[in-house]
Each structure stands twice: as structure tokens, then as C-alpha cells.
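Observations on chain architecture
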Amino acid sequence: MEQNFYNFSIQETEKIFSTSCDKGLTEQQVQELRANYGFNEFDKKKKKSLFIRFLEQFKSFMIIVLIIAAVISGIVGVLHHEGIMDSIIILCVVVLNAIIGVAQEAKAESSLEALEKMSAPHCKVIRDGVQKVILSRELVPGDVVVLDTGDAIPADLRLTETINLKTQESALTGESLPEDKSVEAIEETEVPLGDRANLAFSSCIVTYGRGKGIVTATGMKTEVGKIAAMIQSVPDTLTPMQLRLNDLGKMLGIAALAICIIIFIAGLLWGKEWMEMFMIAISLAVAAIPESLPAIATIVLAIGVQRLAKQHAIVRTLSSVEVLGSTTVICSDKTGTLTQNKMTVAKMFADETFLDINQNGKLNNKFQTVLQIAILCNDTKLIEESGMVETIGDPTETALVDAGLRFSMDKNNLDKKFPRVEEIPFDSERKLMTTVHRHEDSLLVYTKGALDELLACCTKIELNGEEKKLDDAMKERIHNANYEMAENALRVLGMAYKRVETLPEKSQITTLENDLIFVGMLGMIDPPRPEVRDAVHICRNAGIKPVMITGDHKVTAVAIAKDLGILEPGGEAITGLELQKMGNNEFNERIENINVYARVSPENKVRIVKQFQHRGEVVSMTGDGVNDAPALKLADIGVAMGITGTDVSKQAADIVLADDNFATIVSSVKEGRRIYDNILKAINFLLATNIGELLTLFVAVLVGWGSPLLAVHILIINLVTDSLPALALSFDPAAPNIMKRKPNNSHESILNRSFILKVLAQGMLMGALTLIAFRIGVHTSIAVGQTMAFGVLALSQLIHVFNIRSGSLSAFKNIFSNKYLLGAIVLSALIVLGILEISALHDIFSVTDLYLEQWMIVIGFSLMPLPIMEIWKLFSKLFSMSHS
């Protein structure tokens, strides 16, 4: 059973590990413990070879059906002495599809390697009473680790000594500010990760002070190791489009089998030879399957990847592109995703007056004094290089210096004007910091810190430039102002000062913090990204539920969520502990109303994602920390931040935002919906044209008319007039209302009732026109009939592709908006016309010359789908209006 070391005293921890804070472990103990616990490193997951990844591209049912079709087609071709060109073409398409898939997903899973990179390569330990530097991987539980400012923490520690120690844990907990550390045992038994003040965690950084700690966990047993295990255990899932294409493949396979049976039985009833009918039935079944569909779907996604890259969204897995279009829930981390991950002064309070510094360009004297204290009582380093200014130090202190720069109060200049002569450093017990500065003939004592502790040191207050007694009534007004700022998630620091003539003795230095004059307060926050409000509004209009998931405190999370529009009236905000106490049934009932999750652990995040997925939602999870990685990998689409994101989060994600802009997610969703729409258009077009081919052959064979199309005709149609326009459809622009409609239903089959009826009607139309042309031509000769049938079927497909672009809008609307489609149609038409008109090609493609009258019939029939579909759209629109 896992032990909560934050509940144990230092002495109890020493006893558990048979160690000593002063002397550490002996070398003999280290060897015994390493034999038991192993090295301080992560378990490695075996990588898939490139060959295995290539083979995995052939798992979908559609690809399996195509391979079977290619084999059967080859057998038929050999037996009929017609060659195996069809088989070669199908297999080439299948292999091309696999190569594209591997090329896009070739980047190996490296989440664990990224986690290892974050671990400190060396650390300082005490063994046999001697401090030494060792490799971090050699640490064992019970080792005593020495920490200094800037050190990466090499393992999970129970702290035994802290001197002003602060650690940055944002990557692990989501908390944007460094955590103050202490050594006292914590009584509560259930404490969130971010509140375990007497523990330090592997992969976090010491930002201030120094300390020591006993190693309580190494490798996979550390908190970051548990995340590594969670990343390993998350299964790979199929995207909605992959599931739909698998379903489509199964249906087409069943349809092909049914066609074989029907044609075979019909032929036998006509008195045909059974072997001849078997070969014809197999040929028709192969013709029923759109062999270019998987490759076109893959290429459409690959083109989408390139378009998204131009919009600062880097796609790591090809299939994740279309998932964006089906996203129904966006679970977003707060720190660094919804906010800027940079503490910023937002409000000031002095003379019983608030000042919003974002709305003011100048400061009066009372606010200048507050800000001057904040800048001088401050250890931030202000560095200027090549015209650029950089602040280095604790995030809270750098925020104060940055605020000064906004009002032309340069810390370096102030330090020269008011040189520091003495200081009392900040510590977590006093919660104060004091500095003494020489100014003319006196000394200025500046103190900043937590409000309650600061007010306890103050006897006066400065109001309207005068010093007045700080009575209880005035303290209450100050506390009310503090409460108002805290309600808006502002972290408040108070400022005070006094003048002295001389410095006290070192032993009396703390008397500098007596009888201070209170001046005012500063309120800081990690501010929301300005573009996020609009992005959240667009998400809601698009039927997408935005959810905030953060390791930060509830009050901070709620304030930010309300500001951004994520938490609306009636919505709930809960903590990770509340979630842990909630049963699955209760959680399932309340999840729809919960918009904010605060103080959550990585396990909480995974549970939230799983619960949404259990309800049938398509979940997008955004984040930038190590703590986000398991949920990023589990989500239907994981989105990591490219600038502030850790390597771990980037490698676990499907998409990385190069500009860390939440609004880029919205434009990516729009692009995902456009890609999804265009894949559906391609499927519609390919199925309709294949049904046209199939019905032409099916009806002709069924009624004994002979074959209107030869194998070479079907091959040209499938390769040219099918594939090129279908591919060009991927460049179609987004529909005007694309972000004002509900997300695509990920559970709805492609072949729903309305889609089937639409495709059948379109296919029957082209098939009927082709058969009529064939029957007209047959009166001259069978060769003319087949030539006219080939011309009508090929050219009518090129005309029909304009109808496919919109189910409701006229084909003539925005007809020139897709230049690639126009190019594909022109190129395909030239190829078909070349075959029909160039005499040298007639024998190769089994066609013959046509007279002018026959050409007029071919062109007239080829144009027919356009006016017929325009009339159909008009009647459909009038019908829907009459029933609305």
C-alpha cells in the first residue's frame, strides 16, 4: 500500500528507510536497496519497428477488401487472358496509402524519453556522512539529497530542511506560482499534490532557497513516474472517420458478395455457362469497390496537415485531423493555455482607492510610492541586451518589476538612486521581506508581504500624503479591499515603509519591521489570453462544450473561467478531492453541468476524459505540462502548447500549437470540419460514380444486352474521372455556416438512410443515361454503343462533381472557388476526349469513331446530371421551407 509521507514526521521517515538526515545511507545499504528497487529511471516501452508500422496500415477492413479484390481480379484476368493490370493498380493504391500513413506517423513515441530528459543527470547526496555528487539514476529510497537554487529535483523527497525553499511545480500540478516548502508533518490524510508542502517532486525545479530531503520514491514510483506509467497504459484508439471507413468497407464487402450471388443466379437462369457467369460476377464485384477511396481519404488528410501547419497547428498523427471536426468537448488546462503563464500586476490599492493599471497610463504619487516599494524590495535581476529587457527571478517579483517598466520606473535606475544597504530576506514563517535603502541623509525601510502579517507590523497608514493612526476601522476597510481583490483571483501583496536615521545592531535587525506605515496593496494574476474569450464564444456557437481543468486553486480557476465565459450562471466548479469522493453514477449525472475542475491530479484528468468518452463525446484535451500528458494521450485528440509546453506533453499530443494560441484550436476545429465535409464529398462522389458503373453492367447483364463497358473502360474511369476530381474536392472551401452548426456525429455511420438514398439516386441517374446511350449506339454497332457508353459515363461524372460540392446550394454558386477542382475536371475531360478522338489510341482503349449526331447525344446526356440535380435541390429547399 502506498504511504503518504507528508503525514510522517522527519523522525518517522528516517526510521522507515533506516537512514539519517546527517549521515545518509551507507554504501552497503545503497547496494541492497538498489537490488530491491532498481535504478532511478523509467521503464522503457518497446518501440514498433518501421516494418510493423507499415503492416499496421493494412488493418482496416476497407484495405483488406481491396487486397482480396486485387487477388480475385488477378485470378480472373489470368483465366480470361486479360492481364492483371486491374490487380496491379489496386495493389499500388493500397501500398501508396500505407506509405503516406507511415510517413506522417513515422515519428516514434518518445514520451518516456522526454520525461527522462527532464530528470536531473546529477545530484548531491549525503552518504556515509559525506556530501558527494552522483548520477541521478543511482539514487535509492532513503538517500539524503541536498538541494540548492536552480537544482532539478532528482526523485520524490520528504523534506527534512528548508531555508526559504521554493519549487516550481507548474509542469506537474498546473500551479503557476512557485510553492513555498516546509518540513512540518501534515495532519490531513487526503491532500492534493500541489498542497503537499513538505514534499518535493522529481522533475520540478528549485527556484529559491535551499534544503535537504529523504528520497521516498524513485523511477516509476515517483509522481512523474506514475504519469509515465499512465502514458504507457493508454490504448491507441480509432478515430471516428477510421471507424466509419471500416463500417463502409464491411458494407461494400457485403454488397459485393450479394452482387456476385445475384448475377451468378441470374446468369444461370438465362442459360449461361456457370464458369462464365462466375467470372462476370467477380468482375462486377470488383467494379463495385472504390479502390481509390482509402488513398484519397489519406491524401485529403495529408493536405489538411499542410494547411493546418500554415495556421500554426502542427499535426503529429494524420488521422487526428478529421477528429477535430467531430470534437464535442474541449477540456483545457488553465495555466499557459487559457492564461499567459506569466504573473502580471492587475490592480493597485492606496488611499482607499482602487486602480486598474491596464486602464491607466499614468500614476499619481500615492500609487507611485506603492510601486516603488514593490520594485526596490525585490531581488529580480533586470538585464538589458541588444535593446531587449529581460527580468530574471521569482515570478511574483518579476511581475512587480514588469509593472514598474510599464510606468517608466526602471529597477536598475531606482537601485542607483536608492542603494540597498541592508535586508531581511523573505521566509515562509514571517511571510515578509524587508530592504533598507539610503536616500539623502536618512534610510528608507521598505517592507512587502502577506497582508495579515504586514498589518500586524504597521501602526500608521498614509492617507492623502499624511500619516494617520491605523485603527481597527481602517484595518477592516483594508481587509474588505483585500477580499474584493481575492474574489477576483488576485494574489495580494501589501506594501509599507518607514524612515530611520541609523541601522540597528544585527541582533536587533528584526526591529526594522516594527512601527511601519501602511501604504497600499498590489493584486497580481496570471491573466487570460485576450483571444480566448472570442474563441470560447465561437466554441459555444459551434456546439462545443469548453471545460477548464487545472491544478490551480478553485477560487482562481472560477474567476478566470467566469471572465472567459467558460463558467456561466448555473454551472458548477469542483475540486479534485470532491471528484475523488464522487461515484461514477453521480459523476455521470453531474458532468454535463460541471465546467471547472480545480486542484486536479493527473489521475483526475484521465477520469474526466474517460467519463466524457463514456457518454459518447469526442474529447479534445489541451495542455502544456507533464501532468497533462496521460489525458492528452487518452483524449480523442490531444493538443499541446508548442512554446510553453513540455517535451512530454508535445510527444503525448496529436497536435501541437506552434503559437500557444487557444484561438488556433478554434481555427483548427474549423479546418477539421472542412476536411471532414470534403472527405464525405469524395465518398459521395466515388460511391455514386461506382454505382453508376455497377448498375450499367448489372442491368445490361441481367437483361441479356451484353457488356456496355469493357475492363479497360472501367480502369480509365476509376483512375481518371473518379480519382482526380475526388482528390481535388479536398481543396473545397469551408461552408459559410460551418462553425454555427453542431459537431459531426461521430457515432453516425457514413451510410445512413439519407446518404444511401442520395448516392443511389445519383448513381442510378448516371447509370440510366449510360445505358440509354449504349442502346442508341448499339443500333450502329456494339463498338459504337460501348464507345458512347464510355463517353457518357466518364463525362457525366465530371459534370456531376459540381453537384456534389453542396447538398443545398446551387452548383453555380462559387463555381470558381476551387481552382484545383476546375483543373482536375479540365485535365480529366482532355484525357477522355483524347481517347475518343485520337485514332491511334482507339485500339488501345477499345473505342471507335463517333459521328456528329452521336457526339451530340454523348455531350447532351453528359450534361443532364447538372439541370436534374439543380431542380432536385430547388424542390428540396421549397419542401423544407414549407415544413419549417
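Per chain, the residues get numbers from 1 upward, laid out in the order the sequence is written. Local features in this predicted model are restricted to residues whose pLDDT is 70 or higher, and side-chain atom pairs enter the listing and the counts only when it is 80 or higher, whereas totals over whole chains, interfaces and linings include all residues. Heavy atoms from the whole structure form the basis of all side-chain values; hydrogens and water molecules are not counted.

Some points on the overall build of the chain
Using the following cut-off: Comment: elements are numbered from the N terminus, with helices defined as DSSP H or I runs of at least four residues and strands as E runs of at least two. A contact between two residues is defined here by any heavy atoms of the two lying within 4.5 Å. Surface accessibility follows the Shrake-Rupley procedure with a 1.4 Å probe radius. Residue values consider only the protein chains on display as shielding.
When you go through the chain residue by residue, the secondary structure sums to 33 helices and 26 strands. For the chain, long-range pairs separated by at least 24 residues make up 72% of all intrachain contacts whose partners lie at least 6 apart in sequence. Carbon and sulfur atoms make up 58% of the accessible area of the chain, which amounts to about 38,700 Å² in all.

Considering the nonpolar core
Worth spelling out the cut-off: The criterion is simple. A nonpolar core is a set of buried Ala, Val, Leu, Ile, Met, Phe, Trp, Tyr and Cys residues joined through side-chain atoms within 4.5 Å. A 1.4 Å probe rolled over the protein chains alone gives each residue an accessible area, and that area as a share of the maximum for its type sets the label: buried under 20%, exposed over 50%, partly exposed in between.
Counting 130 residues, the largest nonpolar core has I478, F518, M521 and F790 as the members making the most contacts within it. Residues contacting F790, with those up to four places away along its chain left out, are L709, H713, I716, I717, V832, I835, L836 and V847. The next biggest cluster of nonpolar side chains, apart from the first, holds 63 residues, and it includes V329, M621, V626 and A629.

Considering the pairing of strand β25 (residues 637-641)
Successive residues of a regular strand alternate their side chains across the two faces of the sheet. Spelled out, the test is: Note: two strands are recorded as paired if DSSP finds a minimum of 2 bridges between them. Whether a crossover is right-handed depends on one test, that the path from the first strand over the helix to the second runs clockwise when the strands point away from the viewer.
Counting buried positions along β25 yields 5 of 5 residues, so the element is predominantly enclosed. Alternating positions in β25 separate into two faces, I637, V639 and M641 on one and G638 and A640 on the other, with burial throughout. With 4 bridges joining them, strand β24 (residues 619-623) and β25 adopt parallel strand pairing. Across the sheet, M621 pairs through a bridge with G638, a residue of β25. The parallel pair β24 and β25 is bridged by helix α24 (residues 629-634), and the resulting crossover is right-handed. Two strands pair when backbone bridges link them, and β25 and strand β26 (residues 655-657) are joined in this way by 3 bridges, in the parallel orientation. Looking at the pairing, A640 lines up with V656 of β26.

Regarding empty space enclosed by the protein
For clarity, the cut-off: Every definition here rests on a 1 Å grid over the protein atoms only: cavities are sets of points where a 1.4 Å probe fits but cannot get out, pockets are open sets enclosed by protein on both sides within 12 Å along at least five of seven lines, and lining residues have some atom within 4 Å of a point. Grid points are joined across faces, edges and corners, and a volume is the space filled by probe spheres set on the points. Think of it as three bins: nonpolar holds Ala, Val, Leu, Ile, Met, Phe, Trp, Tyr, Cys and Pro, charged holds Asp, Glu, Lys and Arg, and polar takes everything else, Gly as well.
Under the counting rule described, the total for this entry stands at 2 cavities of 30 Å³ or more. Taken as a whole, the largest cavity holds about 40 Å³ of empty space. Lining the largest cavity are F349, A350, D351, E352, I461, L463, M474, I478, F518, V519 and G520. When residues of the lining of the largest cavity are assigned to their parent elements, the largest contribution, 3 residues, is made by strand β20 (residues 516-525). Its residues placed into classes, the lining of the largest cavity shows 8 nonpolar, 1 polar and 2 charged.

Examining the side chain of N818
Note the cut-off: Each polar contact in these results corresponds to two N or O atoms within 3.5 Å; when the atoms are within protein, one needs to be able to donate a hydrogen and the other to accept it, and residues that are neighboring in sequence are counted only if both atoms are side-chain atoms.
If you trace the backbone, N818 turns up in the loop between α29 (782-804) and α30 (819-837). Polar contacts involving the side chain of N818 include one to the main-chain carbonyl oxygen of A728, which spans 3.0 Å. Separated by 3.2 Å, the side chain of N818 and the backbone nitrogen of Y820 make a polar contact. For N818, the contacting residues outside a window of four places in its chain are A728, L729, F731, D732 and R805.

Some words on the sheet that holds strand β22 (residues 572-575)
Filter applied, for reference: Note on geometry: axes are lines fitted to C-alpha atoms, helical ones only across the stretch in contact, with angles between N-to-C directions running from 0 to 180 degrees.
Pairing within the open sheet is mixed, and its 8 strands lie in the order β8-β26-β25-β24-β9-β21-β23-β22. With partners counted over all chains shown, the strands left at the sheet margins are β8 (313-315) and β22, one partner each. Sheet twist, expressed as the average angle between the axes of neighbouring strands with direction ignored, equals 20°. Bridge count for β8 against β26 is 3 bridges, and the pairing is antiparallel. By the bridge assignment for β26, I314 is matched with V656.

Re a nonpolar patch on the surface
Going by this rule: For patch building, the residue pool is restricted to those with more than 30% relative accessible area and no salt bridge; the joining distance is 9 Å between like charges and 5 Å between nonpolar side chains (Val, Leu, Ile, Met, Phe, Trp, Tyr). A side-chain nitrogen of Lys or Arg and a carboxyl oxygen of Asp or Glu constitute a salt bridge if their distance falls within 4 Å.
A cluster of nonpolar side chains, contributed by L257, I261, I265 and L269, occupies part of the molecular surface with about 430 Å² of accessible area. With respect to the helices and strands, L269 occurs in helix α9 (residues 240-269).

With respect to the pattern of salt bridges
What the rule picks out here adds up to 33 salt bridges. In this structure, the salt-bridge partner of E397 is K448, at a minimum N-O distance of 2.8 Å. In this pair, E397 sits in helix α15 (residues 395-406) while K448 sits in strand β16 (residues 442-449), placing the two residues 51 residues apart along the sequence. Between D563 and R533 there is a salt bridge, and its shortest N-O distance comes to 2.9 Å. Of this pair, D563 sits in helix α20 (residues 554-564) while R533 sits in helix α19 (residues 532-541); the two residues are 30 residues apart in sequence, bridging distant segments of the chain. Under the relative-accessibility criterion, D563 is labelled partly exposed at 37%. Look at the salt bridges and you will find they share partners, linking K124, D148 and D151 into a network.

Considerations on helix α26 (residues 662-703)
In an α-helix, one turn spans 3.6 residues, which is why side chains three or four residues apart end up on the same side. To keep it simple, the criterion reads: Under the convention used throughout, the expected extent of a helix is 1.5 Å for every residue step, that is, one less than its residue count.
Here α26 contains 42 residues, and its C-alpha end-to-end distance of 61 Å stays within 8% of the 62 Å for a straight helix at 1.5 Å per residue. Of the residues one or two after α26, G704 is the one with positive phi, at around 80°.

Some words on the packing of helix α28 (residues 753-778) against α29
Condition: An angle below 35 degrees is read as roughly parallel, one above 145 as roughly antiparallel, one from 65 to 115 as roughly perpendicular, and any other as oblique. When the near helix sits turned anticlockwise from the far one by under a right angle, the crossing is termed left-handed; a clockwise turn instead gives a right-handed crossing.
At their nearest, the axes of α28 and α29 sit 8 Å apart, and the two run at 155° to each other. Relative to α29, the element α28 lies roughly antiparallel. Helix-helix and strand crossings are classified by hand; for α28 and α29 the assignment is right-handed. Facing α28, whose interface residues are Q762, M766, L769, T770, A773, F774, I776, G777 and V778, α29 presents I782, V784, G785, Q786, M788, A789, V792, L793, S796, Q797, H800 and I804. Per-class residue counts for the contact of α28 with α29 are 13 nonpolar, 8 polar and no charged.

Re the environment of Q762
As for its placement among the helices and strands, Q762 is situated in helix α28. The spacing of Q762 and P865 is 103 residues in sequence and 8.2 Å in space, taken between C-alpha atoms. Discounting residues that sit within four places of it in the chain, Q762 has contacts with N684, A688, H800, I804 and M869.

Thoughts on the pairing of strand β15 (residues 432-439)
Among the 8 residues that make up β15, 7 are buried, leaving the element largely enclosed by the rest of the structure. Here strand β14 (residues 420-424) pairs with β15 via 4 bridges, running antiparallel. Considered in β15, the bridge of E423 is made with T435. Here 8 bridges tie β15 to β16, and the two strands are oriented antiparallel to one another. Bridge pairing in β16 links H439 to S442. Here β15 folds back onto β16 in antiparallel fashion, the turn holding 2 residues, of which E440 has a positive phi close to 55°.

Points about the state of the cysteines
The cut-off we apply is this: By convention in this document, the label disulfide applies to cysteine sulfur atom pairs within 2.5 Å.
Per the counting criterion, the structure on display carries 0 disulfides. Not engaged in a disulfide, the cysteine C457 finds its nearest cysteine sulfur in C458; these two sulfurs lie 6.6 Å apart. Residue C457 is classed as buried on the basis of its relative accessible area of 16%.

Some remarks on the packing of aromatic side chains
Rule in force here: Think of it this way: a Phe, Tyr or Trp ring, Trp meaning its six-membered ring, pairs with another when their centres are within 6.5 Å, and the plane angle makes it stacked under 30 degrees, edge-to-face over 60, tilted otherwise.
If you walk through the whole model with that rule in mind, you get 5 aromatic pairs. Seen from their ring centres, F5 and F8 are 5.7 Å apart, and the 75° between their planes marks the pair as edge-to-face. On the accessibility criterion, F8 (22% relative accessible area) is partly exposed. Pairing F587 with Y597 gives two aromatic rings, centres 6.3 Å apart and planes at 90°, and the pair type is edge-to-face. One end of the pair, F587, is in helix α22 (residues 584-590); the other, Y597, is in strand β23 (residues 594-598), with 10 residues separating them in the sequence.

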